[in-house]
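One letter stands for each residue in the lines below.
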Amino acid sequence: MDLPNDLKYTDEHVWVREEGDFISIGVTDHAQDELGDVVFVELPEQGEQLSATDSFGSVESVKTVSELYTPVDGEVVKVNQALEDTPELVNESPYQQGWLIQIKPANPDQLKQLLDSQSYQKQLSEKE
Amino acid sequence: MKPYHSLIFEISQSDRSAVDLPDSDVDTINLNDKFPNHLLRETEAELPEVSELQLIRHYTALSNKNYGVDSGFYPLGSCTMKYNPKLNEDVARLEGFNRIHPYQSTETVQGAMHLLYQLQEDLAVISGMDAVTLQPSAGAQGEWTGLMIAKKYHQQNGENRSKVLVPDSAHGTNPASAAVAGFETVTIPSNADGLVDVEALKAHVDHDTAALMLTNPSTLGLFEKDIVEIADIVHEAGGLLYYDGANANAILGKTTPGKMGFDIVHLNLHKTFTTPHGGGGPGAGPVGVVKELTPYLPVPRITKEGDQYRFHTDEPLSVGRVKGYYGNFGILVRAYTYIRTMGPDGLRQVSESAVLHANYLKKRLEPYFEAPYPQICKHEFVLSGINQKKLGVRTLDIAKRLLDFGYHPPTIYFPLNVEEALMIEPTETETKETLDAFADTMIQIAKEIEENPMMVLEAPHTTVIGRLDETKASRKPILRYTKQE
């Protein structure tokens, strides 16, 4: 299972990459593997205000539909348009081309609660 | 030669015909004089051209590929795939039911009206409700109708309650119906026993709660033993209790949603009351309500005056009409036939056998598959393929392998709160031999996963088509046939 060290994670299987004032988020390798082949990704509009704990979209696979949760409040600054036609990027490249949205966090303190790769890994192995 | 199961367009040869139409004895008209140019086709329609025998062989070939309860065991959890007695079909074909028209005046169809009225009365007794409408044409439409009744009831009390609570094990139609009815849904987590977490429920119920939607027994096949307390919690906050009748096959004659404290109920006649599931319908999802909600039921409603039945629409609080005419009449005839054939004792026996069969299968399979909820179940149970997953074989593979043995697989990956779920509902209409043969097959597959996993990973081996590319079918569906020149 691929878990890059430079990313942060949530227990909802979302990864977070800090990029200056912004963060990018996507689903982890573990999540895409559990979901199976992704056939549709529903994402918010650019400019939308998100709040942590609220679902901001969903990922639909041949098996199931999963809600997506952002770890922080903030504004959507960019959406990965490529997923509209090629949702398989979530499976093929969960940490790079399969990113979901970029957010401008309203409250950067919320980022401190995120897990590092070791803690996320530990959570996954406890579940097994 | 193209095989008969090919698309009928592929079998087609120009200038063949399965029918001889008589010569036209009226003058032909020129379409160009009657319609503007942009409405006229420029090329001939490409209709399939086959002989009568080719036509018959094509559709017979397709029908032979069909699999139904009449072909074999169909333990599709949550769907209650029981045998539909052929007597239902005989009765539905009686001239008095078959050759009437919904526009006939009610005086001329009093027999049909009597059947509808009596079916409402029977379903009211079975569900413990005070009044029933037969209009909704499916379970999901019943849910929506019930929620619109709840909405109107609250509005009539001067409240615009916006939330519907749904447990995490609920059928997907529950939150979907709530959304279509304009509510926001709130998910209530299950506790470790797979039942509604009463503390979590208390935390979410408030004066904005329009209703709690619940299936009892739940999708996990477990009886919500705290149902009376759950009902009290919701009622104290002014909310209503909605019973999803999807699992009613477990409780007939034992208890009723009314006794449990529910206010609104829908029953799926195609599940519990032996009307066909097939071909996407037609279905029927009658809705029952307690006395206080009766004025909100859809119109028209049937009333009996003396020995005459008539429809009436004069109900100012009604949510209105939800279906053309009065429901899917032919389906209602079948359900009524079943209820009257079985009688109260027969229906009680249905649930007792359904529960016994599920527990028997569960006990036989538990040593081989993880049972996340080991307690006694009702009419269905959920296993998890997590131990098999550790060996590299997933629940989907198990389902595919079952096809090789001629079984319809159980429901898989549902409910969502059980990992690698396999949801099995044998129903009361199967013999012990069938249950044993299915259990033996499942046990054999569990052994194959340990000894020869490729056998399962590459299944099915015996079907006409192996694994379909479900991903491509979803990502790049081809919805229209194009002729290959």
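Up top you'll find the structure we're talking about.
So, here's what we can say about the structure. Bear in mind the structure is a predicted one, so any value in this text is a computation, not a measurement. (Residues numbered from 1 in each chain as written. Chains lettered and ligands numbered in written order. Predicted model: local features only at pLDDT ≥ 70, side-chain atom pairs only at ≥ 80, totals over all residues. Heavy atoms only, no water.)

This part takes up the overall build of chain B. Broken down by element type, chain B carries 18 helices and 12 strands. Relative to the 2.2 N^0.38 estimate, which gives 23 Å for 485 residues, the radius of gyration of chain B is 26 Å and therefore close to what a compact globule would have. Overall, the C-alpha framework of chain B stretches about 75 × 70 × 45 Å when taken along its three principal axes. Burial status across chain B gives 49% buried among its 485 residues. Residue pairs at least 24 apart in sequence account for 70% of intrachain contacts in chain B once pairs closer than 6 positions are excluded. Counting every atom, chain B has about 24,100 Å² of accessible surface; 53% of that belongs to carbon and sulfur. In chain B, which carries 45 positive and 63 negative side-chain charges, the distance between the mean positions of the two groups comes to 2 Å. (Helix = DSSP H or I, 4+ residues; strand = E, 2+ residues; numbered from the N terminus. Rg over C-alpha atoms; globule rule 2.2 N^0.38 Å. Buried < 20%, exposed > 50% of the residue type's maximum accessible area, 1.4 Å probe, protein only. Contact = heavy atoms within 4.5 Å. Areas by Shrake-Rupley, 256 points an atom, 1.4 Å probe, with all protein chains shown as cover. Lys, Arg positive; Asp, Glu negative; His and termini not counted. Charge placed at Lys NZ, Arg CZ, Asp CG, Glu CD.)

On to the sheet that holds strand E12 (residues 421-424) of chain B. Residues and elements named next belong to chain B. Judged by pairing direction, the sheet is antiparallel, and its 3 strands sit side by side in the order E10-E12-E11 without closing on themselves. Only two strands of the sheet have a single neighbouring strand rather than two, namely strand E10 (381-384) and strand E11 (411-412). In the sheet, E10 pairs with E12 via 4 bridges, with the strands oriented antiparallel. When the sheet's bridge partners are listed, Val382 is paired in E12 with Met423. (Pairing = 2+ DSSP bridges.)

To continue, consider the pairing of E12(B). Residue and element names in this part refer to chain B. In E12, alternate side chains face the same way, and those of Ala421 and Met423 on one face and Leu422 and Ile424 on the other are all buried. Summarising the sheet, E11 and E12 pair through 2 bridges and their orientation is antiparallel. Its bridge partner being in E12, Ile412 is matched across the sheet by Leu422.

A few words now on helix H15 (residues 395-404) of chain B. Within H15(B), 8 of the 10 residues are buried, which leaves the element mostly enclosed by the surrounding structure. Just downstream of H15(B), Gly406(B) is the residue with a positive phi angle, here 80°.

Our next topic: the sheet that holds strand E6 (residues 264-266) of chain B. All names here are of chain B. What the 7 strands build is an open sheet, ordered E1-E7-E6-E5-E4-E2-E3; its pairing is mixed. Every interior strand has two partners, whereas the edge strands, strand E1 (131-133) and strand E3 (184-188), have only one. Averaged over all pairs of adjacent strands, the angle between strand axes in this sheet comes to 20°, irrespective of strand direction. Bridge count for strand E4 (residues 209-214) against strand E5 (residues 240-244) is 4 bridges, and the pairing is parallel. Pairing of Met213 across the sheet is with Tyr242, part of E5. (Axes fitted to C-alpha atoms, helices over the stretch in contact; angles between N-to-C directions.)

Right, let's talk about the packing of aromatic side chains for a bit. Here the structure, examined in full by the defined rule, presents 13 aromatic pairs over all chains. Pairing Tyr9(A) with Tyr120(A) gives two aromatic rings, centres 4.9 Å apart and planes at 5°, and the pair type is stacked. One end of the pair, Tyr9(A), is in strand E1 (residues 8-9); the other, Tyr120(A), is in helix H4 (residues 117-127), with 111 residues separating them in the sequence. For Tyr120(A), a relative accessible area of 0% translates into the label buried. A ring pair is formed by Phe9(B) and Tyr481(B), whose centres lie 5.3 Å apart and whose planes are at 20°; its orientation type is stacked. Residue Phe9(B) is located in helix H1 (residues 8-11), and its partner Tyr481(B) is located in the segment after helix H18 (470-475); the two are separated by 472 residues in the primary sequence. (Phe/Tyr/Trp six-rings, centres within 6.5 Å; stacked < 30°, edge-to-face > 60°.)

Residue and element names in this part refer to chain B. A complete count under the given rule lists 4 cavities of 30 Å³ or more for this structure. Approximately 40 Å³ is the volume attributed to the largest cavity. Forming the boundary of the largest cavity are Leu220, Leu222, Lys362, Tyr373, Cys377, Phe381 and Val382. For the lining of the largest cavity, the residue count by class is 6 nonpolar, no polar and 1 charged. (1 Å grid on protein atoms, 1.4 Å probe; cavity = no way out; pocket = protein on both sides within 12 Å on 5 of 7 lines; lining within 4 Å. Points joined across faces, edges and corners; volume = space filled by probe spheres on them. Nonpolar A, V, L, I, M, F, W, Y, C, P; charged D, E, K, R; others polar.)

Residue and element names in this part refer to chain B. Position of Asp345 among the secondary structure elements: in helix H13 (residues 329-365). Taking the relative accessible area as the measure of exposure, Asp345 reaches 57% and is therefore exposed. Put simply, Asp345 and Leu252 are 93 residues apart on the chain and 9.5 Å apart in space, counted from C-alpha to C-alpha. Of the polar contacts made by the side chain of Asp345, one reaches the side chain of Arg348; its length is 3.1 Å. (Polar contact = N/O pair within 3.5 Å; in protein donor to acceptor, adjacent residues only side chain to side chain.)

Attention now moves to the nonpolar core. Where a protein is soluble and globular, its nonpolar side chains tend to be buried together. Counting 82 residues, the largest nonpolar core has Leu123(B), Leu201(B), Ile264(B), Phe273(B) and Leu293(B) as the members making the most contacts within it. Residue contributions to this core peak at 11 residues, all from H13(B). In this structure, Leu201(B) is in contact with Leu165(B), Ile188(B), Val196(B), Leu212(B), Ile230(B) and Ile233(B), ignoring residues within four places of it in sequence. Val14(A), Ile23(A), Val59(A) and Leu114(A) belong to the second-largest nonpolar core, a separate cluster that totals 25 residues. (Core = buried A, V, L, I, M, F, W, Y, C linked by side-chain atoms within 4.5 Å.)

Read these as geometric descriptors, not functional statements.
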